[in-house]
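# Coordinate inspection notes
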Amino acid sequence: MHSFGYRVNALVTFAVTILAMLCAMASLSDNLNVPSPTAEVEVLNINWFQRQPNGNDEVSLTMNISANLQTVFTWNTKQVFVFVAAEYETPQNSLNQVSLWDGIILSKDSATFSIHTTNKYRFIDQGSNLRGKDVNLTLHWHVMPKTGKMFADRIVMAGYRLPEEYR
Ligand SMILES: *[C@@H]1O[C@H](CO)[C@@H](O)[C@H](O)[C@H]1NC(C)=O
Ligand SMILES: *[C@@H]1O[C@H](CO)[C@@H](O)[C@H](O)[C@H]1NC(C)=O
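Per an unreviewed UniProt entry, the chain carries the name Signal peptidase complex subunit 3 and comes from Spirodela intermedia. Check the Subcellular location (unreviewed entry) section of the UniProt entry for the chain; it says "Endoplasmic reticulum membrane". Per UniProt, the chain has the following entry under Sequence similarities (unreviewed entry): "Belongs to the SPCS3 family."

Given below as structure tokens:
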């Protein structure tokens, strides 16, 4: 004779097992999803470009950031953190990364966008390395799943050159 308690216990164990399986399947199906996102970051204008009194270069840009990250979304996606960075090399560092803009995408519907904006965060170099500098404008995204581990990827738009002179 199975007692009531035994049956409840068996039911809970079963439910937990199913839940664990669903979680595993969710992160597995996430791994099987092959996203094909697209992105384009276009510099529309250099608003100004100067050397600060402390010797650091600073530039203000107007950009057109467009992306379609809809294929990154699965039913297991909670939200996607996205940011645009300027990446460049200097004699001191092989990789300098300056975040210019960021945002959080909460749904697949809003994962396709085109934003006309000036840099949200200041683009300052630790030194005066920016004149004529080749910069990669890079769109990064971090996918925060409902269950399973976070993953990140990026699209690099290489070879944007900053002006040779301050203005
Ligand atoms: C921004 O880029 C998108 C896609 O390339 C384009 O459709 C749109 O016209 C651009 N907007 C501006 C202001 O350049
Ligand atoms: C910029 O992009 C190019 C091409 O993807 C790459 O070879 C180079 O290392 C990148 N530069 C930096 C500083 O990340």
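Once you've had a look at it, read on.
For the rest of this paragraph, the subject is the overall build of the chain. Assigned secondary structure in the chain consists of one helix and eight strands. Each helix (α) and strand (β) of the chain, taken in turn from the N terminus, gives the series α-β-β-β-β-β-β-β-β. Computed over the C-alpha atoms, the radius of gyration of the chain is 23 Å, more than 25% above the 15 Å expected from 2.2 N^0.38 for a compact globule of 167 residues. When the backbone C-alpha atoms are referred to their principal axes, the chain occupies close to 90 × 30 × 20 Å. Within the chain, the proportion of its 167 residues that are buried is 40%. Partitioning the contacts of the chain with sequence separation of at least 6, the portion at a separation of at least 24 is 66%. Approximately 9900 Å² of the chain is accessible, and the part contributed by carbon and sulfur atoms is 56%. A gap of 9 Å separates the mean positions of the 13 positive and 14 negative side-chain charges of the chain.

The immediate surroundings of ligand 1 are formed by L44, N64, S66 and S114. Here an oxygen atom of ligand 1 sits 2.3 Å away from a polar atom, N or O, in the side chain of N64. Residue classes in the shell around ligand 1 are distributed as one nonpolar, three polar and no charged.

What follows is about the domain arrangement of the chain. Under the domain assignment, the chain is made up of domain 1 (1-29) and domain 2 (33-161). Listed by partner, the interface residues are four residues for domain 1 and five residues for domain 2. Summing both partners gives a buried area of about 390 Å² for domain 1 against domain 2, and 58% of it is carried by carbon and sulfur. Applying the counting criterion to the domain 1 and domain 2 interface returns zero salt bridges. Viewed at the interface, domain 2 and domain 1 are joined by zero residue pairs in polar contact (both at pLDDT 80 or more).

Judged from the 10 bridges that link them, strand 3 (residues 77-88) and strand 7 (residues 134-145) form a sheet pairing that is antiparallel. Of the residues in strand 7, the one forming a bridge with F81 is H142. Taking the residues that link successive antiparallel strands as the turn, the strand 7-strand 8 (residues 151-161) hairpin has five residues, and the phi of G148 there is positive, at about 100 degrees.

Parameters and conventions
- Residues numbered from 1 in each chain as written.
- Chains lettered and ligands numbered in written order.
- Predicted model: local features only at pLDDT ≥ 70, side-chain atom pairs only at ≥ 80, totals over all residues.
- Heavy atoms only, no water.
- UniProt positions renumbered as here; feature names shortened; annotations may be inferred.
- Helix = DSSP H or I, 4+ residues; strand = E, 2+ residues; numbered from the N terminus.
- Rg over C-alpha atoms; globule rule 2.2 N^0.38 Å.
- Buried < 20%, exposed > 50% of the residue type's maximum accessible area, 1.4 Å probe, protein only.
- Contact = heavy atoms within 4.5 Å.
- Areas by Shrake-Rupley, 256 points an atom, 1.4 Å probe, with all protein chains shown as cover.
- Lys, Arg positive; Asp, Glu negative; His and termini not counted.
- Charge placed at Lys NZ, Arg CZ, Asp CG, Glu CD.
- Near = heavy atom within 4 Å.
- Polar contact = N/O pair within 3.5 Å; in protein donor to acceptor, adjacent residues only side chain to side chain.
- Nonpolar A, V, L, I, M, F, W, Y, C, P; charged D, E, K, R; others polar.
- Domains from an automatic or database assignment.
- Buried area = accessible area lost by both parts, 1.4 Å probe.
- Salt bridge = Lys/Arg side-chain N within 4 Å of Asp/Glu carboxyl O.
- Pairing = 2+ DSSP bridges.

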